[in-house]
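A structural walkthrough
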Amino acid sequence: MSKDSSESKVVATFQSIGDAYIAKGVLASEGVESWVINALISTIYPILNPDGGIRLIVRDEDFERAVEIINKMKEK
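A short tour of the structure in this document, coming up. As the structure is a prediction and not an experimental result, all values here were calculated from the model. (Residues numbered from 1 in each chain as written. Predicted model: local features only at pLDDT ≥ 70, side-chain atom pairs only at ≥ 80, totals over all residues. Heavy atoms only, no water.)

**Focus on helix α1 (residues 17–29)**
Turn by turn, an α-helix covers 3.6 residues, leaving residues three or four places apart pointing in a common direction. As a reminder, the rule being used: Secondary structure elements are defined from DSSP: runs of H or I of at least 4 residues count as helices, runs of E of at least 2 residues count as strands, and each element is numbered from the N terminus. One less than the number of residues in a helix, times 1.5 Å, gives the span that helix is expected to have. When accessible area is computed with a 1.4 Å probe and restricted to protein chains, residues below 20% of their type maximum are described as buried, those above 50% as exposed, and intermediate ones as partly exposed. To obtain the arc, one takes the directions from the helix axis to the C-beta atoms. Residue contacts are defined here by distance: any two heavy atoms, one from each residue, within 4.5 Å place the two residues in contact.
For α1, spanning 13 residues, the distance from its first C-alpha to its last is 18 Å, which sits close to the expected 18 Å at 1.5 Å a residue. Taken residue by residue, α1 has A20, A23 and L27 as its buried positions. An end-on view of α1 places all buried positions within 65° of arc, on one side of the element. Among the exposed residues of α1, those oriented more than 90 degrees off its buried face are I22, A28 and S29. In this structure, the buried residues of α1 make contact with β1 (8–14), β2 (34–37), β3 (54–59) and α3 (63–75). Phi turns positive, to about 85°, at G31, one or two residues after α1.

**Quick look at the packing of aromatic side chains**
Rules: Classification of ring pairs rests on two measures: the distance between centres of Phe, Tyr or Trp rings, Trp counted by its six-membered ring, which must be within 6.5 Å, and the angle between planes, read as stacked under 30 degrees, edge-to-face over 60 and tilted in between. In this analysis the charged atom, NZ for Lys or CZ for Arg, is taken to sit over a ring once it is within 6 Å of the ring centre and within 35 degrees of the ring normal.
Taken as a whole and assessed by the stated rule, the structure comprises zero aromatic pairs. Of note, K9 hangs over the ring of F63, and the distance from its end group to the ring centre comes to 4.9 Å.

**Describing the sheet that holds β2**
The condition is simple: When DSSP finds at least two bridges between two strands, those strands are taken to pair. The axes used here are C-alpha line fits, helices contributing only the stretch in contact, and every angle between their N-to-C directions lies in the interval 0 to 180 degrees.
What the three strands build is an open sheet, ordered β1-β3-β2; its pairing is antiparallel. Lying at the two open borders of the sheet, with one neighbouring strand each, are β1 and β2. Sheet twist, expressed as the average angle between the axes of neighbouring strands with direction ignored, equals 30°. Two strands pair when backbone bridges link them, and β2 and β3 are joined in this way by four bridges, in the antiparallel orientation. Bridge pairing in β3 links S34 to V58. The strands that α1 touches are β1, β2 and β3; relative to β3, the one it contacts most, it runs at about 15°. α3 rests against β1 and β3 of the sheet, and its axis sits at about 15° to β1.

Right, here's the structure in full:
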């Protein structure tokens, strides 16, 4: 799958690369494939990416389920 905007959606944004990869792992454990984007630029030059930081994206068809999983993760 290419990661262009017509096929994927941002399910969450993070300021910490660690938090983004934890969420990615939680999604993977539930069978939802995801990708972390903007991690390098947001970590090295955060001022260059003020509009959301590190993004976690999923396929359009997995978006609703991914939102539920991420929300449950945040509750804990």
